[in-house]
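Observations on chain architecture
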Amino acid sequence: MQKLFILTFVILFSACGSFAETDIKDRIEYLKKRIEYAEDDIKEWKKELKSLQSSGVFSKYTSKRGKIKDKGEDISIDLNAVLMVNNSSGAATAFLGKIDGKTYIISNLHVLGEMKNAKITTIDGKEVRLPKTCFLQKGFDVFLAELDDVPEGVSPLEISKNVMTDTNLKDDLVVSGNSQGGNVMRNIEGTLLAVGPKLLETDCNFYKGNSGSPVIHKDSGKVVGVVSYIMTIDDDLSTRITRKSKAKNFNMRFFAYRLDTMDDKTEIPYETVVETMEELNKAEKKLEMIIDFLANNNHPPASEYPELARVAKSYETATDNAYRVSSNWSAKKRMNEAKRMLLSRIELLAAAEIMKLKSGKYDDVFSEKYDGILKGYENVKNYCNKKAKDFI
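Below you will find a few notes about this structure.

Cut-offs used in this document
- Residue positions are given per chain, counting from 1 as you read along its sequence in written order.
- For a predicted model such as this one, the threshold for reporting local features is a pLDDT of at least 70, and the threshold for listing and counting side-chain atom pairs is 80 or more; totals across whole chains, interfaces and linings nevertheless cover every residue.
- Heavy atoms throughout the structure, all of them, feed into the side-chain values; hydrogens and water do not.
- A helix here means a DSSP run of H or I that spans at least four residues, while a strand means a run of E at least two residues long, and both kinds are numbered starting from the N terminus.
- By the criterion applied in these results, polar contacts are pairs of N or O atoms within 3.5 Å in which, for protein atoms, one can donate a hydrogen and the other can accept it, and in which residues neighboring in sequence qualify only through two side-chain atoms.
- When checking whether two residues touch, look at their non-hydrogen atoms; a contact exists if any pair is within 4.5 Å.
- Here the expected span of a helix is defined as 1.5 Å times the quantity of residues minus one.
- Angles here are taken between N-to-C directions and fall from 0 to 180 degrees, while the axes themselves are lines fitted to C-alpha atoms, restricted in helices to the stretch in contact.
- In these notes the angle categories are as follows: under 35 degrees is roughly parallel, over 145 is roughly antiparallel, 65 to 115 is roughly perpendicular, and the rest is oblique.
- Crossing chirality is assigned from the near helix's rotation relative to the far helix, an anticlockwise turn below a right angle marking it left-handed and a clockwise turn marking it right-handed.
- Nonpolar residues are Ala, Val, Leu, Ile, Met, Phe, Trp, Tyr, Cys and Pro. Charged residues are Asp, Glu, Lys and Arg, and all others, Gly as well, are polar.
- For this analysis, a salt bridge means a side-chain nitrogen from Lys or Arg found within 4 Å of a carboxyl oxygen belonging to Asp or Glu.

Along the chain, S176 turns up in strand β10 (residues 172-177). At a separation of 3.1 Å, a polar atom in the side chain of S176 contacts the side chain of N187. Sequence-distant contacts of S176, defined by excluding residues within four places in its chain, comprise L79, V82, T93, M185, R186, N187, N210, S213 and P214.

Taking 1.5 Å of rise per residue, the 17 residues of helix α5 (residues 306-322) would be expected to cover 24 Å, and the 24 Å separating its terminal C-alpha atoms lies within 8% of that figure. Those residues of α5 that are buried are in contact with α4 (270-296) and α6 (328-359).

Further remarks concern the packing of α4 against α6. One can describe the packing of α4 onto α6 by two numbers: an axis separation of 11 Å at closest approach and a directional angle of 165 degrees. When the axes of α4 and α6 are compared, the pair comes out roughly antiparallel. Judged by the twist between their axes, the crossing of α4 over α6 is left-handed. On the side of α4, the interface is formed by L280, A283, K286, I290, F293 and L294, while α6 contributes L342, L343, I346, E353, K356 and L357. Each residue belonging to the contact of α4 with α6 can be placed in one class, and the counts come to nine nonpolar, no polar and three charged.

Turning to the pattern of salt bridges, a few remarks are in order. If you walk through the whole model with that rule in mind, you get 14 salt bridges. Note that K116 and E278 form a salt bridge whose closest N and O atoms lie 3.6 Å from each other. With a gap of 162 residues between them, K116 in the loop between α2 (109-112) and β6 (119-121) and E278 in helix α4 connect regions that are remote in the sequence. The partner of K369 in a salt bridge is E284, with the nearest N and O atoms 3.2 Å apart. Taken as a pair, K369 in helix α7 (residues 367-388) and E284 in helix α4 lie far apart in primary sequence, 85 residues in all. Three or more residues joined by partner-sharing salt bridges are found here, namely E114, E284 and K369.

Taken N-terminus to C-terminus, the directions of α5 and α6 make an angle of 175 degrees; their axes are 9 Å apart at the nearest point. If you check the angle between α5 and α6, you find them roughly antiparallel. On the side of α5, the interface is formed by E307, L308, V311, S314, Y315, A318, T319, N321 and A322, while α6 contributes A331, R334, M335, A338, K339, L342, R345, I346 and L349. Among the residues making up the contact of α5 with α6, the classes are represented as eleven nonpolar, three polar and four charged.

In structure tokens:
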């Protein structure tokens, strides 16, 4: 469900052989703007290039003990506390952090809540097992699970208790994680751009696989956030970076969730989290298939959504039969009827999914994802109801 809208400017040249004076002035201003944008892009590209050149566990910014270095001096950050998360569907990151004297495995809900049977390991290959319960909070894409047994030789990262007092805008940050699923720990440098009640924004150009990575404040060595998602600058279409997106600094914004403002956490059995996320993801996948069929006429696999597959096949048969009549008027009438029936049937499918969602019992911590899916189905239902009237 990811879209990127690119605004293209088309300059119409005069056919008379010369520009009017106003056209020349406009052209000059346009070129100045283009140069300005290009200079900004070059700065960003240089920053990303520097970040990529400095990446890696044993880069010039990292000692052989796995600690981040700042101007030749070690600061107390044990990168063995940063964990690699892998399963058959993909890769991501988690880390061990200390909160109120207790050690937690910390990542995203969309990572450890969705990646079934994931293997979690340190960069030394030591496996870390998830406890039977975890902590979540409404509105935060953060997963915390208290850990009793810390792997030998691993020092959990210190979590900032107050990001506002521990940091200043433009402070240097480091994102450490399983970037691009390469099964090596890469460091991505950047700065702190903005802070909100739940989120912070950075210009660390993180990538697929960095979901769940710690955002580390270089001066203090404290974790100030958990990498979550990227957003395009031109619109509000956000994308979980563990899915289909490839993070690039051009037209992208990079967000992480704060941990210091999570003051209303709920303890939930891990098995319940996995089951709930699986149910919601199935509903979301069906919604995506409906939208893809309506927008692009892409037929869904019968094994994944048999009800929609039958509706699609029925519509295909109806349209084929419509063109077999001799009269153009009759063909058009039959086509309109086929489209009306298609939209009515999809409206019923959406209504059925809405009823199923509403009949389920979901904890409040899942409300953000639940509400988004429910709204999507309601939009489909309303669209089909309105559009079907055009073919009566």
